[in-house]
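# Examination of the molecular architecture
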Amino acid sequence: DEVLGSIRGTLPPTRDWGEADQDLLRVLGIQLAGAIRNAQLFDATAELAEHKNEFLRGVSHNLQTPLTSIRMFAETLRLGRAGTPEEQAACVEFIARESERLSDIAERTLDWARLEAGRRPFVRTRTSPSRLLRDIVDSFLSHGTLPPETLTLELPENLPAIDVDRAAIGQVERRDVEVQRRE
């Protein structure tokens with residue numbers, strides 16, 4: 001049971017209010033509470049629908065950008081506008097990178113859907129925070145998104161272990177590396 005508010009009524013003393021009248025007022029109160037709760041749920045549903053639409057617009061935009069680039073480079077190859085073998089290789093490499101980006105976007109979207117449906121459980125493993133942060137920094141450094149001299153990581157080794165989903169953290173790392181590459 002959840003208290004949504006209270007209704008207070010004053011009964012005129014000119015009438016004898018019996019048990020049936022009191023039952024009728026209780027039913028009216030329950031119906032009013034139900035109507036208020038329905039209005040709250042309707043508002044929450046509308047807000048969720050707007051968030052879903054915003055998410056879908058974002059996914060569409062994120063898919064459209066690499067698709068446009070792939071189409072442009074494929075057209076360049078098809079029409080023979082990439083004259084040298086180096087230009088052709090650069091076009092093929094760009095198409096391969098953008099295709100990987102599309103696959104990553106699709107996989108993240110599917111993971112989100114699985115998570116929302118309760119079909120993608122978090123697999124938590126005990127991890128040293130120092131080791132986790134070093135792995136993340138190493139990932140950024142290995143992809144060339146950060147020059148080595150821009151970051152110094154000094155952490156105590158005796159930090160208490162934490163439970164994390166390494167696969168989820170890896171997805172965030174890959175997304176962040178991709179964002180850094182584009183900037």
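Residues numbered from 1 in each chain as written. Predicted model: local features only at pLDDT ≥ 70, side-chain atom pairs only at ≥ 80, totals over all residues. Heavy atoms only, no water.

### A closer look at helix H2 (residues 85-117)
Helix length check: H2 (33 residues) gives 48 Å between terminal C-alpha atoms against 48 Å at 1.5 Å per residue, within 8%. Listed in full, the buried residues belonging to H2 are Cys 91, Phe 94, Ile 95, Glu 98, Arg 101, Leu 102, Ile 105 and Asp 111. Positive phi shows up at Gly 118, right after H2, with a value of about 80 degrees. (Helix = DSSP H or I, 4+ residues; strand = E, 2+ residues; numbered from the N terminus. Expected span 1.5 Å × (residues − 1). Buried < 20%, exposed > 50% of the residue type's maximum accessible area, 1.4 Å probe, protein only.)

### Thoughts on the confidence of the model for the protein
Counting all residues, the mean pLDDT for the protein is 81, and 86% of those residues have values of 70 or more. Looking over the protein, one finds the lowest element-wise mean pLDDT in helix H4 (residues 166-182), namely 69, and the highest in H2, namely 87. (pLDDT = per-residue confidence, 0-100.)

### Quick notes on the pattern of salt bridges
One pass over the full model with this rule turns up 7 salt bridges. For Glu 93, the salt bridge goes to Arg 97, with nearest N and O atoms at 4.0 Å. Taken together, the residues Glu 93 and Arg 97, both in helix H2 and 4 residues apart, mark about one turn of the helix. For Arg 97, a relative accessible area of 39% puts it in the partly exposed group. Note that Arg 126 is salt-bridged to Asp 163, the shortest N-O span being 3.1 Å. Of this pair, Arg 126 sits in strand S1 (residues 124-127) while Asp 163 sits in strand S2 (residues 162-165), and the two are 37 residues apart along the sequence. According to the relative accessible area criterion, Arg 126 is exposed, its value standing at 59%. Under the relative-accessibility criterion, Asp 163 is labelled partly exposed at 44%. (Salt bridge = Lys/Arg side-chain N within 4 Å of Asp/Glu carboxyl O.)

### Re a nonpolar patch on the surface
Together, Leu 25, Leu 28 and Leu 32 make up an exposed nonpolar region whose accessible area comes to about 240 Å². Locating Leu 28 in the fold gives a position in helix H1 (residues 19-78). In this structure Leu 28 comes out as partly exposed when scored by relative accessible area, which is 42%. (Patch = residues over 30% accessible without salt bridge, like charges linked within 9 Å, V, L, I, M, F, W, Y side chains within 5 Å. Areas by Shrake-Rupley, 256 points an atom, 1.4 Å probe, with all protein chains shown as cover.)

### A word on the side chain of Arg 101
Tracing the sequence through the fold places Arg 101 in helix H2. For Arg 101, a relative accessible area of 11% gives the class buried. A distance of 3.1 Å separates the side chain of Arg 101 from the side chain of Glu 98, its partner in a polar contact. (Polar contact = N/O pair within 3.5 Å; in protein donor to acceptor, adjacent residues only side chain to side chain.)

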